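Here's the letter readout for the chains.
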Amino acid sequence: MDKDYLIQQLENIQNAKRVNRLRVANLVIENPNLFKFLLELVFDVTAETSIKAAWVLEFVCEQKLEWLAPYLSYFTENISKVTFDSAVRPVAKICNFLAIAYNTKKDSVIKTKLNSKHIDQIIETGFDWMISNHKVAVKAYTMTTLFLFGKNYDWVHEELKLIIQQNMAKETAAYKARGKITLALINKK
């Protein structure tokens, strides 16, 4: 199985139903050599398969986040290139997975391999997502990601707090709910 085969499988995804995304994610999990190709396809933002690749990458990373470890530099250097909301949401969720793995008490390969440069790139892109016109899911995952990484970078909490407070009045009910939770966590520390 090669990149062309993976592209064909992604093209066969007719819609974003979970069963369709899971089918291709399981194919990648059963064939780990496809992971690198999947990652490349996510960041080939000129290709039609980029969005579908992002959907699948989210599902793969949910189960096999450690597979991302050798590609953390590539991933973090390219996350800002993803612009379609349908692709930004899964990428934001993967950043959330990384923040959780990094801040857990358990040892993991992510904790070992995720360095300050990677974290800085995630934080920078996260703030861009927070002030850009993205849907609430992207911003909700990003709030959590920034909160978790902000435990090690004090300035992140202050910036995040300002952005949430400035946007509360004009955002959706879901944003307000997540914003209140995030603000309470920041104020609690």
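About the criteria used
- Residues numbered from 1 in each chain as written.
- Predicted model: local features only at pLDDT ≥ 70, side-chain atom pairs only at ≥ 80, totals over all residues.
- Heavy atoms only, no water.
- pLDDT = per-residue confidence, 0-100.
- Helix = DSSP H or I, 4+ residues; strand = E, 2+ residues; numbered from the N terminus.
- Core = buried A, V, L, I, M, F, W, Y, C linked by side-chain atoms within 4.5 Å.
- Buried < 20%, exposed > 50% of the residue type's maximum accessible area, 1.4 Å probe, protein only.
- Contact = heavy atoms within 4.5 Å.
- Expected span 1.5 Å × (residues − 1).

(A) Region of interest: the confidence of the model for the protein. With 99% of its residues at a pLDDT of at least 70, the protein reaches an overall mean of 94. When the elements of the protein are averaged for pLDDT, helix α2 (residues 18–30) gives the smallest value, 92, and helix α5 (residues 72–78) the largest, 98.

(B) Spatial organisation of the nonpolar core. Grouped together as the largest cluster of nonpolar side chains are 65 residues, with contacts concentrated most on L68 and F75. The element that contributes the greatest number of residues to this core is helix α6 (residues 85–103), accounting for 10 residues. Setting aside anything within four residues of it in sequence, one finds L68 in contact with F35, L39, C61, F75, I94 and L98.

(C) Structural context of helix α4 (residues 49–64). With 16 residues, α4 extends 21 Å from end C-alpha to end C-alpha; this agrees with the ideal 22 Å at 1.5 Å per step. Buried residues of α4: T49, S50, A53, A54, W55, V56, L57, E58, F59, V60 and C61, and no others. Here the buried face of α4 lies against α1 (3–11), α2, α3 (35–42), α5 and α6.

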